[in-house]
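Summary of the model geometry
Take a look at the letters that make up each chain.
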Amino acid sequence: MSLLSVTDLTCRHGLLTAVRGIGFTLERGETLCIIGANGAGKTTLMRTLAGAHVPAGGRIALAGRDITAERAFERVRSGISMSPEGRRLFADMTVAENLRVAAENGRAGGWDMDRVLGAFPQLQPLLDVPAGRLSGGQRQAVAIGRALLSNPDVILLDEVSLGLSPAAIEGLYQSLSAIRESGEMGIVLVEQDLTRALGFADRVLCMAEGRSELQGPPADFTRAQITAAYFGIHDDEARHA
Amino acid sequence: MSHTHVLAAVSRLDKVLIGLGAALAGLLLALPLFGSPLIVDKLTLLMIYIILAVSWNLLAGFAGLVSVGQQAFIGLAGYFVLRLAEAGMAPFPALIAGAVVVLLVAWPLSWFVLRLKAAEFAVAMWVLAEAIRSVIMFDPLVQGETGRSLVTLNAIDADLRRTAIYLMAVASAILVLAVSYRLLRGRLGGESQAIRDDEEAAGSVGVSTMRVKRTIFLISALGCAIAGTLWLASAITYQPRAAFGINWSVFMLFMVLVGGLGSFLGPVLGALLLFALQEAFGDFGAWYLTGIGCVAMLFALYAPRGIIGLITDRLGREPLSMRKELDVRSERRGR
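Residues numbered from 1 in each chain as written. Chains lettered and ligands numbered in written order. Predicted model: local features only at pLDDT ≥ 70, side-chain atom pairs only at ≥ 80, totals over all residues. Heavy atoms only, no water.

1. With respect to the overall build of chain A
- Across its full length, chain A carries nine helices and 10 strands.
- Taking 2.2 N^0.38 as the reference for a compact globule, 241 residues should give roughly 18 Å; the C-alpha atoms of chain A span a radius of gyration of 18 Å, in line with that estimate.
- Along the first, second and third principal axes, the C-alpha atoms of chain A reach 60 × 40 × 35 Å.
- For chain A, buried positions account for 56% of its 241 residues.
- Put simply, of all contacts in chain A between residues at least 6 apart along the chain, 68% involve residues at least 24 apart.
- In chain A, 24 side chains carry a positive charge and 28 a negative one; their mean positions are 4 Å apart. (Helix = DSSP H or I, 4+ residues; strand = E, 2+ residues; numbered from the N terminus. Rg over C-alpha atoms; globule rule 2.2 N^0.38 Å. Buried < 20%, exposed > 50% of the residue type's maximum accessible area, 1.4 Å probe, protein only. Contact = heavy atoms within 4.5 Å. Lys, Arg positive; Asp, Glu negative; His and termini not counted. Charge placed at Lys NZ, Arg CZ, Asp CG, Glu CD.)

Have a look at this one:
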């Protein structure tokens, strides 16, 4: 039985179908990277997995238990937490308060305040600083720390490197590598940087226009196949071009 | 040697302020022994303002639920007191029961209004207040615009009544302040502020947003209901247009915005300022209301964080802040 199992998931925004029949599985200790152009449906998929968006169809199961109807806060208690796109910190609250809210409402486990501050030492001197005053990299560290404090089985990381400096991205991925190496949870990562995504993921899922265009270990695909899937170019179209 | 992060203790300044507040509360409770009836009456009004300001600040300042319809609970509480007294309940128990019964209305209302966001919520609350007022005016007991007196309370000796209502007002203000301090320093405080800053993100870290919003909504409704019963007890006469008047929301907005939205002490300071302005300029009729509007505009332009913001800038920290700071504690672990 897989840790996370998504079957035929469909999501709509009014008349627009943003995610069409997506399915995948995720094991503990595994990293699945979701890639795709803007508007491919990646963030809608992540929000649906986190319980922030109600799916139009399909099934989400965590360790075999159907959690499709659970709301966001219930999914956190079940074992899924998310670092959302745009970080979405509580801007008027300090870093410490942001982390405390997550710690108080999450599950008990190995991730506590001390361990999070050990994984992201750059937050240590910023504990009393309002989150609205942080830099992009610092905000992302708080957002991931907040998600870790829920002690999830599956952590969803949406657009982790978007808008960050190369140095900040490097530091962030070092912290993520340590989290991955611990093998405590499955990671679903949305990443715009293809090279970074392919280097970090155990498996990759490429979306275009809401569909899964390609799925498997990065080593199984050529760069051309991934690029074609990224832009939703099918074989016959590529040949025609 | 390892480091553990623990919640910081209450600061020395805050301990001094809490001590001073307790001493002031004791003084206020003893005031009827030496204060004139006029002072007792005026301070009853001040306590009502403090209760209203703290209740509205809980809702808007900490949970981000800006309502312009809290007068619904002020008016309803007065109406329920009348009804209970009419049914034969003694006036003072009726004052307490009337406020509690309001929760029976606020709870089902919360299922509807808390699904609305921002301006929709604010307007819905106003519409609800007007709708409830219209319905109550049809009750023959209230006699439409004419209103009705709380006759059984009026029959009690004036001095005894004044003292009892004043003591109830002081005790209620202390209770509202103590409960809100305890709640905001605890888990609910962080959860409500998270919802205020980003409701979806709060849900994504495990906060049951509807539970938190409903709790705050009901506590705020109860606070307004207590103020409503105290107001009826001081005025004796219940008139729906006054009890459900939009001016209650205007006063709450003024006190909280001028005092300091989202702070613990700000609403109390705002209530003191409104009370002082009314005392100084209340005889000028409409000009007094214009003056209050001008003060609000001046604060919005030059001190948007209110009186508490000015004090914070001067002291370097907010007195009685609801911020939760962490202390690092070093500890030696076994080998």
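Next comes the rest of the write-up.
2. What about the overall build of chain B?
- Across its full length, chain B holds 15 helices and four strands.
- Computed over its C-alpha atoms, the radius of gyration of chain B comes to 21 Å, within 12% of the 20 Å expected for a compact globule of 335 residues.
- The dimensions of chain B, computed from C-alpha atoms along their principal axes, are 75 × 45 × 45 Å.
- A burial count over chain B gives 50% of its 335 residues as buried.
- Excluding contacts between residues fewer than 6 apart, the proportion of contacts in chain B whose partners are at least 24 apart in sequence is 78%.
- Accessible area of chain B: about 15400 Å², with a carbon and sulfur share of 68%.
- Here chain B holds 27 positive side-chain charges and 21 negative ones, and the gap between their average locations is 9 Å. (Areas by Shrake-Rupley, 256 points an atom, 1.4 Å probe, with all protein chains shown as cover.)

3. Here we look at the environment of Gly186 of chain A
All names here are of chain A.
- Residue position: Gly186 is located in strand β8 (residues 186–190).
- Overall, the relative accessible area of 0% leaves Gly186 in the buried class.
- Sequence separation between Gly186 and Glu27 is 159 residues, and the spatial gap between their C-alpha atoms is 5.9 Å.
- Not counting residues within four places of it along the chain, the set of residues in contact with Gly186 comprises Leu3, Leu26, Glu27, Arg28, Gly29, Glu30, Asp153, Val154 and Ile155.

4. Points about the sheet that holds strand β9 (residues 203–208) of chain A
Residue and element names in this part refer to chain A.
- With mixed pairing, six strands are arranged side by side in an open sheet as β6-β7-β8-β3-β9-β10. This sheet does not close on itself; its edge strands, each paired only once, are β6 (80–83) and β10 (211–216). Each strand axis lies, on average, 15° off the axis of its neighbour in the sheet, ignoring direction.
- Set on the sheet, helix α8 (residues 223–230) makes contact with β3 (31–35), β9 and β10; between it and β9 the angle comes to about 40°. (Pairing = 2+ DSSP bridges. Axes fitted to C-alpha atoms, helices over the stretch in contact; angles between N-to-C directions.)

5. What about the interface of chain A and chain B?
- On the chain B side, the residues contacting the 30 residues of chain A number 28 residues.
- A combined buried area of about 2500 Å² lies between chain A and chain B, and 52% of that area is made up of carbon and sulfur atoms.
- Inspection of the chain A/chain B interface yields three salt bridges.
- Across the pair Glu200 of chain B and Arg47 of chain A runs a salt bridge, and its minimum N-O distance is 2.7 Å.
- Viewed at the interface, chain B and chain A are joined by nine residue pairs in polar contact (both at pLDDT 80 or more).
- Put simply, the parts of the chain that give the side of chain A that touches chain B at least two residues each are α2 (72–78), β6, α3 (95–105) and α4 (113–119) of chain A.
- Split into classes, the residues belonging to the side of chain A that touches chain B amount to 15 nonpolar, five polar and 10 charged. (Buried area = accessible area lost by both parts, 1.4 Å probe. Salt bridge = Lys/Arg side-chain N within 4 Å of Asp/Glu carboxyl O. Polar contact = N/O pair within 3.5 Å; in protein donor to acceptor, adjacent residues only side chain to side chain. Nonpolar A, V, L, I, M, F, W, Y, C, P; charged D, E, K, R; others polar.)

6. Thoughts on the pairing of β8 of chain A
Residue and element names in this part refer to chain A.
- With five of its five residues buried, β8 lies for the most part within the structure.
- Here β8 shows a buried face lined by Gly186, Val188 and Val190 and a second buried face lined by Ile187 and Leu189.
- When β3 meets β8, the two strands line up parallel, connected through four bridges. Within β8, the residue paired with Leu32 across the bridge is Val188.
- Direction of pairing for strand β7 (residues 154–158) relative to β8: parallel, over a ladder of five bridges. Residue pairing across strands places Val154 opposite Gly186, the latter belonging to β8.

7. What about the side chain of Glu159 of chain A?
All names here are of chain A.
- Topologically, Glu159 is positioned in the loop between β7 and α6 (166–182).
- Although Glu159 is buried, it forms no salt bridge, and the closest oppositely charged side chain is Lys42 at an N-O distance of 4.3 Å.
- Sequence-distant contacts of Glu159, defined by excluding residues within four places in its chain, comprise Lys42, Glu85, Arg87, Gln140, Val190 and Gln192.

8. A short note on the packing of aromatic side chains
- Here the structure, examined in full by the defined rule, presents 10 aromatic pairs over all chains.
- Their ring planes at 50° and their centres at 6.2 Å tell us that Phe281 of chain B and Phe284 of chain B sit as a pair that is tilted.
- A connected cluster of aromatic rings, assembled from ring pairs, spans Phe73, Phe121 and Phe217 of chain B.
- Above the plane of the ring of Trp111 of chain A lies Arg115 of chain A, whose end atom (NZ or CZ) is 3.8 Å from the centre.
- The ring centre of Tyr173 of chain A lies 4.7 Å from the NZ or CZ of Arg196 of chain A, which sits over that ring. (Phe/Tyr/Trp six-rings, centres within 6.5 Å; stacked < 30°, edge-to-face > 60°. Lys NZ or Arg CZ within 6 Å of the ring centre and 35° of its normal.)

9. Regarding the sheet that holds strand β5 (residues 65–66) of chain A
Residue and element names in this part refer to chain A.
- Strands sit in the order β2-β1-β4-β5 across an open sheet of four strands; the sheet is antiparallel. On the outer flanks of this sheet lie β2 (16–26) and β5, each paired with one strand and no other.
- As paired elements, strand β1 (residues 4–13) and β2 share seven bridges and run antiparallel to each other. Bridge assignment links Val6 to a residue of β2, and that residue is Phe24.

10. Some thoughts on helix α1 (residues 12–30) of chain B
Residues and elements named next belong to chain B.
- Compared with the 27 Å implied by 1.5 Å per residue over 19 residues, the 27 Å span of α1 between its first and last C-alpha is a close match.
- Regarding α1, the residues found buried are Asp14, Ala25 and Leu28. Down the axis of α1, the buried side of the element spans an arc of 65°, and every buried residue falls inside it. Exposed positions of α1 whose direction lies more than 90 degrees from the buried face are Arg12, Lys15, Leu20 and Ala23.
- Contacts made by the buried residues of α1 are with α2 (37–63) and α7 (158–185). (Expected span 1.5 Å × (residues − 1). Arc of directions from axis to C-beta.)

11. Here we look at the nonpolar core
- Membership of the largest hydrophobic core comes to 154 residues, with the highest contact counts inside it found for Phe217 and Met255 of chain B.
- Apart from the residues lying within four places of it in its own chain, the contact partners of Phe217 of chain B are Leu59, Phe73, Ala106, Ser110, Val113, Leu114, Phe121 and Met125 of chain B.
- Counting residues in hydrophobic clusters, the runner-up holds 27 residues, among them Leu26, Ala40, Ile67 and Val188 of chain A. (Core = buried A, V, L, I, M, F, W, Y, C linked by side-chain atoms within 4.5 Å.)

12. Topic: the packing of α2 of chain B against helix α10 (residues 209–235) of chain B
Residue and element names in this part refer to chain B.
- α10 packs onto α2 with a crossing angle of 165° between their chain directions and a minimal axis gap of 9 Å. The orientation of α2 relative to α10 falls into the category roughly antiparallel. In the packing of α2 onto α10, the handedness of the crossing is left-handed. Residue-level contacts link Thr44, Leu45, Ile48, Ile51, Leu52, Ser55, Trp56, Leu58, Leu59 and Ala63 of α2 to Ile216, Phe217, Ile219, Ser220, Gly223, Cys224, Ile226, Ala227, Leu230, Trp231 and Ser234 of α10.
- Classifying every residue of the contact of α2 with α10 by side-chain character gives 16 nonpolar, five polar and no charged. (Parallel < 35°, antiparallel > 145°, perpendicular 65-115°, else oblique. Left-handed = near helix turned anticlockwise from the far one by under 90°.)

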